[in-house]
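# Remarks on the overall topology
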Amino acid sequence: MVKSLSSSLGLLLLLLSAYYFSRPAIAPVGLADAMLTNIWLPTALMALCTGALLASSGFLIQNSLDNDFASPSTLGIAAGALLGAVLVRVIVPEANLQLVWMGALVGGLLLSLAVLAVSQLIGGGKLPVVLIGMALGLSAGALSSLFMLYFENQTDGLFLWGSGQVLQTNPEVLKQTALPMLAFLALSLLVLPKLALFLLGDTNAAALGLAVKPWRWTILLLAIGQAALATSIVGMIGFVGLMAPHLTRLVLRLAKGENNNVALQWLVTVIIGAALVLAAEWCSRSLLFLGYRLPTGAFTALLGAPYFVFLLFQRSGKALAAVESQNIGLTPIIHARPRVVLASLCALLGLSLFFCLRSPQDVGAIWVNQRVLLAGLGGFGLACAGTLLQTLFKNPMASPDISGVSAVAVLLIAVVLVYFPAANQWQLTLAALVGGSLVIGLLSWGLKQQLSVAQLALFGIVITAFAGTATQILLTFGSSTASVTMMWLAGTTYGATFDRIIPIASVIALCLVAIIPLLRQLDLMPLGEVIPKTLGLALQRQRYLLLAISAVLTAICVSSIGAISFIGLLAPHCARLLGLYRHKHLLPASGITGAILLIWADSLGRELMAPNEIPAGLMVSVIGSIYFILLLLLSYRNRV
């Protein structure tokens, strides 16, 4: 016990010393002392307090839910807090700091409670609750981005706050928040004896007289309050609540400590959490010599996302795959002849074009019609890519966006735009192709590691979070046209021209020609490897070819219309719900459905807030997140 405490405290003191002695040198002694008193010491103390709160929250959540993957980040608390703060600034533009904090606190509480409520509806499950949290977090993040785009003056400063900004420029903030933070930490000591009983299992805890459900909700509410308070003060500091409890177990194991001593575990977790945020803030400050500093939350996200993937591939993650459902089935809602379904979809596409295209005599008709055509082509391509990925990975939750393919493609495009602002369409497509191929290779490797359907989805969502953070860093500090690029990254056809339409149409046509001879093999791939081999078919080469085609489709679409989410998930599901299974029917039906969805998303986004515009990607993100939750809800309830 003494060894583990001393080692964690020693690490924290070492970091404090490094933070103190490595502060930027300033010639006037009086100015240096003033900066130490008003900036560096308050920043260090704020990092320690918020890190301790987030770590304590993660510890309480993981132990009360018996879920090593649960944390404030994976339950959507941070995304809810950001949305709450944004709404307060939009509704009350002159809101003071305390009111913004209150909005963030309420937002984090409400979203996390929604996650827990939905997880209870589907009957629990360790991975589903994390999937729900991340899906609702994506939806809340899309709404926050929408408000920040269209209420730029009211939400000034919230972009960096949303990335996690521990830096303090006024000691008054620390004075106002120190007492609530310490009070929330002290409340943890009151529930630790009850939490110790949860480690025995619900049955044994109930036998010892513990009211399991009321105490679980009490502990969860305290944990949510701790994380929401920390997030409302410094913004989104991700993955600290996930990493700190795991690192505590590692420290105790190495020190051969008393792993069953809950108080010791909590104390070491709090110290490690404080050390993690302080280390991230130190790294952020160390970049001052480059002329700027990255948000503290960027460092924790870049470290925490790979760590989450590492956990998925550990023994506990693989054991979890064995007990989670491996399939999320889709039962057709109608049974009709494929030709009838395809004809109906074509008719719907025709009606969509009729209502959305403008007469050549209208002002701006050429530009609007180009946007409609680009939206249709982009939706068609993303839907086909999603269909291929779902078949190849035998995973109905695979799609270019959920799997992280689009996010990494966008990251590489952002890198190209930062260093080569005049890059043409084909150069952006090549960058997107490299990024998409990299992720598809990682997913193929994950499939060989026998990850479950839910784990593969989590794998992709974490890749998306990692790439999104890196992209945000690039746009914040590396581009002089960040606002325009952000609009494009949100997914829009605003820049539609025939120079974009011709390449995407040509590539999609070539990909379809390449797919046609492989339709029979696509029908056989969901059957596994044994049956096709007995029929004399070796599908490995065709599988790699189809993976390459899906990467090309994703690359050309992302480089043309930006990061459009959920089309690759929604459209194939809609086609399957219409009773289509054979790929000669499924692929065109998915493509047409994707085209219809994106045409209407773009048209509605253009008209609803005219003359302002809602990016099509944000509209689809909100709709798609709701569908994603409904899919999980229906699938896991059907399993029960």
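Preceding block: the structure.
All chains use their own residue numbering, which begins from 1 and follows the written sequence. Predicted model: local features are reported for residues with pLDDT of at least 70 only, side-chain atom pairs are reported and counted for 80 or more only, and whole-chain, interface and lining totals are derived from all residues. With hydrogens and water excluded, all non-hydrogen atoms of the structure serve as input to the side-chain values.

## Observations concerning the nonpolar core
Heads up, the condition is: By convention a nonpolar core is built from buried Ala, Val, Leu, Ile, Met, Phe, Trp, Tyr and Cys residues, the set being connected through side-chain atoms within 4.5 Å. We call a residue buried when its accessible area falls under 20% of the maximum for its residue type, exposed when it is over 50%, and partly exposed in between, using a 1.4 Å probe and counting protein chains only. Numbering goes from the N terminus for both helices and strands, where a helix is a DSSP run of H or I of at least four residues and a strand is a run of E of at least two. Residue ranges assigned to the domains are those given by an automatic or database domain assignment. Working rule for contacts: check all heavy atoms of both residues, and any pair within 4.5 Å makes them a contact.
Judged by nonpolar contacts, the single largest core of 155 residues is most densely connected at Leu 546 and Leu 598. Sort the elements by how many residues they give to this core and helix 2 (residues 29–65) lands first, with 15 residues. For this core, the two domains that each supply at least three residues are domain 1 (1–260) and domain 2 (365–638). Discounting chain neighbours no more than four positions away, the residues touching Leu 546 are Leu 388, Leu 392, Ile 515, Leu 518, Leu 522 and Met 525.

## Comments concerning the packing of helix 24 (residues 567–577) against helix 25 (residues 583–607)
The description of two helices packed together rests on the angle between their axes and the distance between the axes. Which entries qualify depends on this criterion: Throughout, an axis means a line fitted to C-alpha atoms (over the contacting stretch in the case of helices), and angles, computed between N-to-C directions, take values from 0 to 180 degrees. Any angle that falls under 35 degrees is termed roughly parallel, while one over 145 is termed roughly antiparallel, one within 65 to 115 roughly perpendicular, and all others oblique. A clockwise turn of the near helix away from the far one marks a right-handed crossing, whereas an anticlockwise turn of less than a right angle marks a left-handed crossing. Under this grouping Gly is polar, as are all residues other than the nonpolar Ala, Val, Leu, Ile, Met, Phe, Trp, Tyr, Cys and Pro and the charged Asp, Glu, Lys and Arg.
Two numbers describe how helix 24 lies on helix 25: the axes approach to 8 Å, and their chain directions differ by 125°. Taken as axis vectors, helix 24 and helix 25 run oblique relative to one another. For helix 24 against helix 25, the interelement crossing comes out right-handed. Taking contact as the criterion, the partners of Ile 567, Leu 570, Ala 571, Pro 572, Cys 574, Ala 575 and Arg 576 in helix 24 are, on helix 25, Leu 586, Ala 589, Ser 590, Thr 593, Gly 594, Leu 597 and Leu 598. Looking at side-chain class alone, the contact of helix 24 with helix 25 contains ten nonpolar, three polar and one charged residues.

## Concerning the packing of helix 15 (residues 365–392) against helix 20 (residues 498–515)
Put simply, helix 15 and helix 20 touch, their axes get as near as 10 Å, and they point 30° apart. With respect to their mutual orientation, helix 15 and helix 20 come out roughly parallel. Relative to helix 20, helix 15 is oriented so that their crossing is left-handed. Residues Gln 370, Leu 373, Leu 374, Leu 377, Gly 378, Phe 380, Gly 381, Cys 384 and Leu 388 of helix 15 pack against Phe 498, Arg 500, Ile 501, Ile 504, Ala 505, Ile 508, Leu 512 and Ile 515 of helix 20. Partitioning the contact of helix 15 with helix 20 into residue classes produces 13 nonpolar, three polar and one charged.

## A look at the packing of aromatic side chains
To keep things clear, this is the line we draw: Pairing of aromatic rings covers Phe, Tyr and the six-membered ring of Trp, with a centre-to-centre limit of 6.5 Å; geometry is then stacked below 30 degrees between planes, edge-to-face above 60, and tilted otherwise.
All chains considered together, the criterion is met by one aromatic pair. Measuring from centroid to centroid gives 5.4 Å for Phe 354 and Phe 355, while their planes differ by 75°, and the two rings are edge-to-face. Take Phe 354 and Phe 355: they sit in the same class, and that class is exposed.

## Considerations on empty space enclosed by the protein
What counts, and what does not: Method remark: on a 1 Å grid restricted to protein atoms, a set of points is classed as a cavity if a 1.4 Å probe fits but cannot get out and as a pocket if it is open with protein on both sides within 12 Å along at least five of seven lines; lining residues have an atom within 4 Å of a point. Grid points are joined across faces, edges and corners, and a volume is the space filled by probe spheres set on the points.
Under the definition given, this model contains two cavities of 30 Å³ or more. Here the largest cavity defines a volume of roughly 70 Å³. Lining the largest cavity we find 14 residues, and of these Leu 54, Pro 72, Ser 73, Thr 231 and Ile 237 sit closest to its centre. Counting residues per element, the lining of the largest cavity draws most heavily on helix 9 (residues 212–234), at three residues. Across the lining of the largest cavity, the residue classes tally to nine nonpolar, five polar and no charged.

## Notes on helix 9
Condition: What a helix should span is 1.5 Å times the count of its residues minus one.
Across its 23 residues, helix 9 extends 33 Å between first and last C-alpha, which sits within 8% of the 33 Å expected from 1.5 Å per residue. Of the residues one or two after helix 9, Gly 235 is the one with positive phi, at around 95°.

## Things to note about the pattern of salt bridges
Rules: Between Lys or Arg on one side and Asp or Glu on the other, a salt bridge is scored when a side-chain nitrogen of the former is within 4 Å of a carboxyl oxygen of the latter.
This model, assessed by the stated rule, comprises two salt bridges. Residues Lys 175 and Glu 172 are paired through a salt bridge, measuring 3.5 Å at the closest nitrogen-oxygen approach. Taken as a pair, Lys 175 and Glu 172 lie in helix 7 (residues 171–198) at a separation of three residues, close to a single helical turn. Overall, Lys 175 belongs to the exposed group, its relative accessible area being 58%. The partner of Arg 371 in a salt bridge is Asp 602, with the nearest N and O atoms 3.0 Å apart. Taken together, the residues Arg 371 in helix 15 and Asp 602 in helix 25 connect sequence positions 231 residues apart. Across the pair, exposure class does not vary: Arg 371 and Asp 602 are buried alike.

## A word on a nonpolar patch on the surface
Basically, it comes down to this: Only residues above 30% relative accessible area that lack a salt bridge enter a patch, with like-charged residues linked at up to 9 Å and the nonpolar side chains Val, Leu, Ile, Met, Phe, Trp and Tyr linked at up to 5 Å. Method for areas: the Shrake-Rupley scheme with a 1.4 Å probe, in which residue coverage is limited to the protein chains shown.
Taken together, Leu 87, Ile 91, Val 92, Leu 99, Met 102, Val 106 and Leu 110 make up a surface patch of nonpolar side chains, about 610 Å² in accessible area. Elements with a minimum of two residues in the nonpolar patch: helix 3 (77–91) and helix 4 (97–121). The element that contributes the greatest number of residues to the nonpolar patch is helix 4, accounting for four residues. Here Ile 91 is to be found in helix 3.

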